[in-house]
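Spelled out from the first residue to the last, the chains are:
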Amino acid sequence: MNHFLSIDQFNTPDNIIKLFHKASSFHVDGVIPDHYKMVRTPYKMASLFFEPSTRTRLSFETAMLNIGGSVITVSDSDQCSGVKGESLEDAITTISNYADVIVLRHSKIGAAAEAAAVSSVPVINAGDGAGEHPTQAMLDAYTIYKHFKTLSGLNILFAGDLMFSRTVKSLVKLLSIFGHNKFHTLPINENAGLRLQEVSRFPDNIDQTNYPNSNLQFILEREKIDVVYLTRPQRERWTGKSIAESQEELLRYQISGKHLPLLKPEAIIMHPLPRNHEICVEVDKDPRAVYFKKQIQAGVFVRMAILQTLLMS
Ligand code: NCD
């Protein structure tokens with residue numbers, strides 16, 4: 001693996017599971033043994049975020065520090081030379097002289113691939129517009145895998161702004177490599193829907209039931225859902241028109257305390273975060289809610305594994 005740009009770089013489950021084993025080797029029940037933190041390496045990671053980020057950026061920076069490397073960063077993309085008219089290619093060509101790996105977030109679909117084409121060091125896609133977010137998919141899949149011990153035979157519900165969510169696209173690509181999953185989709189409305197077969201390179205592995213005019217309660221009453229995966233309205237990508245016109249539409253997929261009894265005891269509730277209104281705070285303390293702990297922890301372990309694979313293999 002020279003760059004990590006898309007889940008499309010993976011054709012079979014083997015390399016994904018191998019990465020999970022590496023991520024698992026970094027922790028014991030979510031805690032990183034001290035000996036990992038002692039090792040120093042000469043590697044430097046440049047984090048370059050041209051779109052807002054809290055978790056992904058800090059998770060990558062934590063991961064790099066955990067594997068003994070160091071971090072250089074542009075703390076405010078408004079201070080970047082892009083505002084002076086510099087192209088992404090020129091910025092990457094320059095930064096690849098400073099760092100051994102570049103983590104890039106950008107608003108344009110394909111930006112990471114463009115960066116990789118000119119970079120002399122590995123580039124990791126930390127989100128390219130409404131395109132992909134492959135490391136988030138890896139950490140989401142790792143969270144599911146750790147919980148169910150498998151990535152097949154699951155009933156997965158994606159709810160929210162599916163059309164513009166890069167995390168959903170990358171996770172669907174990843175899960176379709178494993179196959180035998182049933183996907184249920186509850187978009188904000190038909191404008192925010194997503195045909196999962198069009199996303200995946202393995203369309204035969206996609207079994208999708210779409211519920212464009214339904215609500216969460218209806219689905220949970222009828223289906224034995226294992227994974228509820230919610231996403232916020234990606235308003236920054238709704239250029240030109242508003243996808244959701246009404247509060248009613250936005251509330252159709254909101255999960256609250258009243259839905260919890262409808263969920264299987266072994267189900268999990270996931271969100272890439274940040275959340276808006278789609279998860280009521282009373283859900284946070286339910287043991288099935290994994291977004292504030294297991295997903296966050298997984299992000300660090302999986303990114304440690306990705307960085308180590310790119311830098312040291
Ligand atoms: C996601 C993203 O940036 O796509 N956040 C993240 O990286 N954890 C989801 C989102 O912004 O809605």
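Bear in mind that the values here come from a model prediction, so they are computed numbers and not experimental data.

What counts and how
- Residues numbered from 1 in each chain as written.
- Predicted model: local features only at pLDDT ≥ 70, side-chain atom pairs only at ≥ 80, totals over all residues.
- Heavy atoms only, no water.
- Helix = DSSP H or I, 4+ residues; strand = E, 2+ residues; numbered from the N terminus.
- Polar contact = N/O pair within 3.5 Å; in protein donor to acceptor, adjacent residues only side chain to side chain.
- Contact = heavy atoms within 4.5 Å.
- Phe/Tyr/Trp six-rings, centres within 6.5 Å; stacked < 30°, edge-to-face > 60°.
- Buried < 20%, exposed > 50% of the residue type's maximum accessible area, 1.4 Å probe, protein only.
- Near = heavy atom within 4 Å.
- Areas by Shrake-Rupley, 256 points an atom, 1.4 Å probe, with all protein chains shown as cover.
- Nonpolar A, V, L, I, M, F, W, Y, C, P; charged D, E, K, R; others polar.
- Axes fitted to C-alpha atoms, helices over the stretch in contact; angles between N-to-C directions.
- Parallel < 35°, antiparallel > 145°, perpendicular 65-115°, else oblique.
- Left-handed = near helix turned anticlockwise from the far one by under 90°.
- Arc of directions from axis to C-beta.
- Salt bridge = Lys/Arg side-chain N within 4 Å of Asp/Glu carboxyl O.

Novice: Pulling in residues and values, what's your account of the side chain of His277?
Specialist: With respect to the secondary-structure elements, His277 resides in the loop between β9 (268-270) and α11 (294-312). Among the polar contacts made by the side chain of His277, one reaches the main-chain carbonyl oxygen of Leu250 at a distance of 2.9 Å. Those residues in contact with His277, other than ones at most four positions away along the chain, are Pro233, Leu250, Leu251, Tyr253 and Gln254.

Novice: Any chance you could break down the packing of aromatic side chains for me, citing the residues and the numbers?
Specialist: A full pass over the atoms with the stated rule returns seven aromatic pairs. Ring plane angle 70° and centroid distance 6.5 Å describe the contact between Tyr211 and Phe218, whose orientation is recorded as edge-to-face. Its relative accessible area of 11% is what places Tyr211 among the buried residues. When the centroid spacing of 5.2 Å and the interplanar angle of 65° are considered together, the rings of Tyr291 and Phe292 count as edge-to-face. Using a relative accessible area of 47% as the deciding quantity, one classes Phe292 as partly exposed. An aromatic cluster is present here, built from Phe20, Tyr142 and Tyr145 joined pairwise through their rings.

Novice: Describe in detail the site of the ligand, supporting the description with residues and values.
Specialist: If you check the shell around the ligand, you find Thr56, Arg105, His133, Gln136, Arg166, Thr167, Arg232, Gln234, Pro272, Leu273 and Pro274 and nothing else. At 2.7 Å from an oxygen atom of the ligand is found a side-chain nitrogen or oxygen belonging to Arg232. With respect to the ligand, the backbone of Leu273 contributes an N or O atom lying 2.9 Å from a nitrogen atom. Out of a free accessible area of 320 Å², the ligand has 95% covered by protein chains. Tallied by class, residues from the shell around the ligand come to three nonpolar, five polar and three charged.

Novice: Can you break down the packing of helix α6 (residues 134-148) against helix α7 (residues 166-178) residue by residue, with the values?
Specialist: Close contact between α6 and α7 brings their axes to 8 Å; oriented N to C, the two are set at 60°. Judged by the angle between their axes, α6 and α7 are oblique. Where α6 crosses over α7, the handedness of that crossing is right-handed. Counting all contacts with α6, which are made through Pro134, Gln136, Ala137, Met138, Asp140 and Ala141, the residues of α7 involved are Thr167, Ser170, Leu171 and Leu174. Broken down by class, the residue content of the contact of α6 with α7 amounts to six nonpolar, three polar and one charged.

Novice: I'd like to hear about helix α5 (residues 111-118), residue by residue, with values.
Specialist: All of the buried residues in α5 are Ala111, Ala112, Ala115 and Ala116. The buried side chains of α5 occupy one side of the element, clustering within an arc of 135° when seen end-on.

Novice: Give me the pattern of salt bridges: which residues, what numbers.
Specialist: Tallied over the full model, the rule gives 13 salt bridges. The closest approach of N and O atoms between Arg275 and Asp284, which form a salt bridge, is 2.7 Å. The residue Asp286 makes a salt bridge to Arg288 at a minimum N-O spacing of 2.9 Å. One salt-bridge network, in which partners are shared between bridges, spans Glu51, Arg166, Arg232, Glu236 and Arg237.

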